Amino acid sequence: MRFIGLAEVAAAGGLIIGVFWQPLGIAAAIGFTITMIGAVAFHAKAGGYADPATPGGTRWPPSSSPPSPWPPR
């Protein structure tokens, strides 16, 4: 679990530094994307999204996001 946290912190730092040095930003974005896809796959395999009684913050990610206010009415 510590490796995941370290990888996320490194990716965040790489994204910030990537504003000034583009190759690092691209590498950090790719690594962060792979980490997030792996997290979703892990939780799906473990059944983290299967229980309908699960609190809203841990359901399938698109169903727990708030509706977009765009376009304004």
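Going by the structure above, here's the rest.
Description of the structure in this document. Quick caveat: nothing in here was measured; it's all calculated off a predicted structure.

## Describing the overall build of the protein chain
Argument step 1. Helix and strand counts for the protein chain stand at two helices and zero strands.
Argument step 2. The buried share of the protein chain, taken over its 73 residues, is 8%.
Argument step 3. Summed over all atoms, the accessible surface of the protein chain reaches about 6,100 Å², with 74% contributed by carbon and sulfur.

## Focus: a nonpolar patch on the surface
Argument step 1. A cluster of nonpolar side chains, Ile17, Val19, Phe20 and Trp21, forms an exposed patch at the surface whose accessible area comes to about 530 Å².
Argument step 2. Within the fold, Trp21 resides in the loop between helix 1 (2–17) and helix 2 (22–46).
Argument step 3. Trp21 gets classed as exposed once you look at its relative accessible area, which sits at 52%.

## Re the packing of helix 1 against helix 2
Argument step 1. Interaxial distance between helix 1 and helix 2 falls to 8 Å at its minimum, and their mutual angle equals 150°. Where helix 1 crosses over helix 2, the two elements pack in a sense that is left-handed. Facing helix 1, whose interface residues are Glu8, Ala11, Gly14, Leu15 and Ile17, helix 2 presents Leu24, Gly25, Ala28, Ala29, Phe32, Thr35 and Met36.
Argument step 2. Of the residues in the contact of helix 1 with helix 2, the class split is eight nonpolar, three polar and one charged.

## What about the environment of Gly31?
Argument step 1. When you line up the elements, Gly31 lands in helix 2.
Argument step 2. Between the C-alpha atom of Gly31 and that of Ala10, which follows or precedes it by 21 residues, the distance is 9.6 Å.

Rules behind the numbers
- Residues numbered from 1 in each chain as written.
- Predicted model: local features only at pLDDT ≥ 70, side-chain atom pairs only at ≥ 80, totals over all residues.
- Heavy atoms only, no water.
- Helix = DSSP H or I, 4+ residues; strand = E, 2+ residues; numbered from the N terminus.
- Buried < 20%, exposed > 50% of the residue type's maximum accessible area, 1.4 Å probe, protein only.
- Areas by Shrake-Rupley, 256 points an atom, 1.4 Å probe, with all protein chains shown as cover.
- Patch = residues over 30% accessible without salt bridge, like charges linked within 9 Å, V, L, I, M, F, W, Y side chains within 5 Å.
- Salt bridge = Lys/Arg side-chain N within 4 Å of Asp/Glu carboxyl O.
- Axes fitted to C-alpha atoms, helices over the stretch in contact; angles between N-to-C directions.
- Left-handed = near helix turned anticlockwise from the far one by under 90°.
- Contact = heavy atoms within 4.5 Å.
- Nonpolar A, V, L, I, M, F, W, Y, C, P; charged D, E, K, R; others polar.

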